[in-house]
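A look at the structure
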Amino acid sequence: MDTDVLVIGGGPVGLALATELALAGVDVGVLERLTERSGQSKALNLQPRTAEVFDLRGLFDRASSRAMSTVGDGHFSGIPLSYDGWQTRHPYQVGIPQARTEQVLEERLAELGTKIRRGHALLSFESTKDSIVATVRDGDGEYEIRARYLVGCDGGRSTVRKLLDVPFPGTDPTTYAIVADVVLSKTPAKLARQWQSIRDIFGEDPNLQAMTGAIPLGEPGLFRVLARHSSTEYVDRGTAVPAGLVTGFLKKIHGDEVEVAEVRWASQFSDTARQVERYRVGRVLLAGDAAHIHFPAGGQGLNLGVQDAMNLGWKLAAEINGWAPAGLLDTYHAERHPVGERVIGNTRAQTALISQEPTALAMRALFREIAEMPEVNRKLAGMISGLDIRYPFDGPSHPLLGVRMPDVELGVEGETRWASSLFHSGHGVLLSSAPDLLGLARPWSGRVDAVAVTGLPEAAAVLVRPDGYVCWVGTGEETGLDTALRTWFGHPAV
Ligand SMILES: Cc1cc2nc3c(=O)[nH]c(=O)nc-3n(C[C@H](O)[C@H](O)[C@H](O)COP(=O)(O)OP(=O)(O)OC[C@H]3O[C@@H](n4cnc5c(N)ncnc54)[C@H](O)[C@@H]3O)c2cc1C
């Protein structure tokens, strides 16, 4: 075997997955077709749950130090949402270009001893009973590489998905938009100079009538322009968009107030929405855009994909490291497919709400009104941010079961520490103040860290998976811990 896991694609999802695998001691190879990062950052944000996940691995400060802004709200189809209804240390979006998020992950991966192989493109693969043999092309020609598992993190046009020939059902495009990074030599007064709110992008137009937004990217005169257009002919995302089209949009809205000095890059996208039917086919798995594509409404795609990687990483590592309980790897599809389906659903609803048809405008007006209700706002913010995910774990019903472990301050060895700081190892974590109970996890050491804490909210003890989701709650009568440990962390080692 040349490597345990071959990850195809060095985008944010491939890098996040490889980092999780490397942290768990798995030998991982990452192949990236491009010889260098394009720099054409699509995503510009980390949602609150992704910020929390970065905290779990000690990466948040690195990401936030490279951010261009802190954005105090989120949005649903341009309708502002507050994250304040959620208990989180990050009730905001981190405004960070995708390329910088990738840099953070790539640096961490290198620290863990794995380097991405750039200029290596997967051409094909064959599955055998116990391995995958991939054919790869680099600058010198073609070569073969054998791995135990292969994961396609190779984006919306995934080669892996096409080779698997697994159904990718969904809906065709109905709405088209351009995205471009432009340098303005004359900036209209009404364009915000800093991105701190969704209002800075779309202004005060409640109906997004012009549907042209501009996001200041932190350098003088540099803006990300988003514009919906009415072309019925879908122009391929890979096809260059003429600079004149971008300038035309800006002139139409801002007239003589705007002068464009340079269009750095421009591309088109649509609301095509599809999701692969199975995230796993034998030894091959799919994650990120390779598994799901949708309109980038609300800023969710990268965030959704990074969560896929967090869910898959420790499970695949458990398989490689020989302790995965039966069926653990299949829970990846079972847990993440519904989450992806829900995101696709909400992006479709957001797309419907930007239509300028009278019925849609009426719906939007109503929606804007009810979105101001705290409960509705909280619901939508939870959905967009990924904070509201609840996996359907077995066990007595409890508010914490199946949801993310809240990042609260805990007493640990006489100090106060954030809960997230106990997850840097990538292991599961058992938290309790009772030494006897903590001792029950001893046979799982190396997979589960048992930590004596005070100050746990709503429970006497919790068992938390490496991805931060609570999979067992102790409320005094500590039944079910052994079963939960075996369910998620396999047979005891000793
Ligand atoms: C205009 C636009 C704006 C967006 N804004 C946001 C946003 O604000 N927030 C958000 O969360 N999401 C946003 N998204 C979505 C986000 O960019 C994607 O969800 C994210 O890039 C998915 O990451 P990925 O790693 O799955 O795929 P990708 O980023 O596409 O990475 C896949 C990688 O695989 C490589 N690859 C492909 N084929 C092969 C092969 N055969 N061999 C080797 N390597 C290969 C590619 O070169 C690429 O580097 C936006 C998308 C668009 C189009």
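Residues numbered from 1 in each chain as written. Predicted model: local features only at pLDDT ≥ 70, side-chain atom pairs only at ≥ 80, totals over all residues. Heavy atoms only, no water.

The name recorded for the protein chain in an unreviewed UniProt entry is FAD-dependent monooxygenase, from Amycolatopsis minnesotensis. The annotation that UniProt attaches to the protein chain under Cofactor (unreviewed entry) is "FAD". (UniProt positions renumbered as here; feature names shortened; annotations may be inferred.)

Looking at helix α8 (residues 301–320)
Because the α-helix completes a turn every 3.6 residues, residues three or four places apart line up on one side. Helix length check: α8, at 20 residues, gives a terminal C-alpha distance of 28 Å against a target of 28 Å (1.5 Å per residue), a fit within 8%. At the exit of α8 stands G322, carrying a positive phi of roughly 85 degrees. (Helix = DSSP H or I, 4+ residues; strand = E, 2+ residues; numbered from the N terminus. Expected span 1.5 Å × (residues − 1).)

Some points on the environment of I79
Mapped onto the elements of the fold, I79 is located in strand β6 (residues 79–81). The sequence separation of I79 and R364 amounts to 285 residues, and the corresponding C-alpha distance is 9.1 Å. Beyond its immediate sequence surroundings of up to four residues, I79 is in contact with G74, R364, F367, R368 and A371. (Contact = heavy atoms within 4.5 Å.)

Brief notes about the site of the ligand
Near the ligand you find 31 residues, and of these E32, N45, D289, L302 and N303 are the closest. Residue P12 places a main-chain N or O atom 3.4 Å away from an oxygen atom belonging to the ligand. Within the backbone of L302, one N or O atom sits 2.9 Å away from an oxygen atom of the ligand. When the ligand is considered free in solution it has 1,000 Å² of accessible area, and contact with the protein chains removes 90% of it. For the shell around the ligand, the leading source of residues is α8, giving 3 residues. A breakdown of the residues in the shell around the ligand according to their chemical character gives 14 nonpolar, 12 polar and 5 charged. (Near = heavy atom within 4 Å. Polar contact = N/O pair within 3.5 Å; in protein donor to acceptor, adjacent residues only side chain to side chain. Areas by Shrake-Rupley, 256 points an atom, 1.4 Å probe, with all protein chains shown as cover. Nonpolar A, V, L, I, M, F, W, Y, C, P; charged D, E, K, R; others polar.)

With respect to the nonpolar core
In this structure, V5, L21, F125, L150, V160 and L316 are the most contacted members of the largest nonpolar core, which totals 62 residues. By size, the runner-up hydrophobic cluster in this structure holds 49 residues, among which are L56, W314, V339 and F489. (Core = buried A, V, L, I, M, F, W, Y, C linked by side-chain atoms within 4.5 Å. Buried < 20%, exposed > 50% of the residue type's maximum accessible area, 1.4 Å probe, protein only.)

Some details on the packing of helix α10 (residues 358–371) against helix α11 (residues 374–385)
Their axes nearest at 7 Å, the elements α10 and α11 cross at an angle of 100 degrees. Classified by the angle their axes make, α10 and α11 are roughly perpendicular. Contact residues: F367, I370 and A371 in α10; V376, N377 and L380 in α11. A class-by-class count of the residues in the contact of α10 with α11 yields 5 nonpolar, 1 polar and no charged. (Axes fitted to C-alpha atoms, helices over the stretch in contact; angles between N-to-C directions. Parallel < 35°, antiparallel > 145°, perpendicular 65-115°, else oblique.)

Section: the environment of F489
Tracing the backbone through its elements, the reader meets F489 in helix α13 (residues 481–489). Sequence spacing of F489 and G322 is 167 residues, and the spatial spacing of their C-alpha atoms is 11 Å. If sequence neighbours within four positions are ignored, F489 has contacts with W314, W323, P325, G428, W444, R447, V448, L463, V464, R465, P466 and A484.

So, unusual backbone geometry
Unusually for a residue other than glycine, D165 sits at a positive phi of about 60 degrees. As for its placement among the helices and strands, D165 is situated in the loop between α5 (159–164) and β12 (170–171). With relative accessibility at 66%, the residue D165 sits in the exposed group. Not every positive phi belongs to a glycine, and E458 is a case in point at roughly 65 degrees. Mapped onto the elements, E458 comes out in the loop between β24 (448–452) and β25 (461–464).

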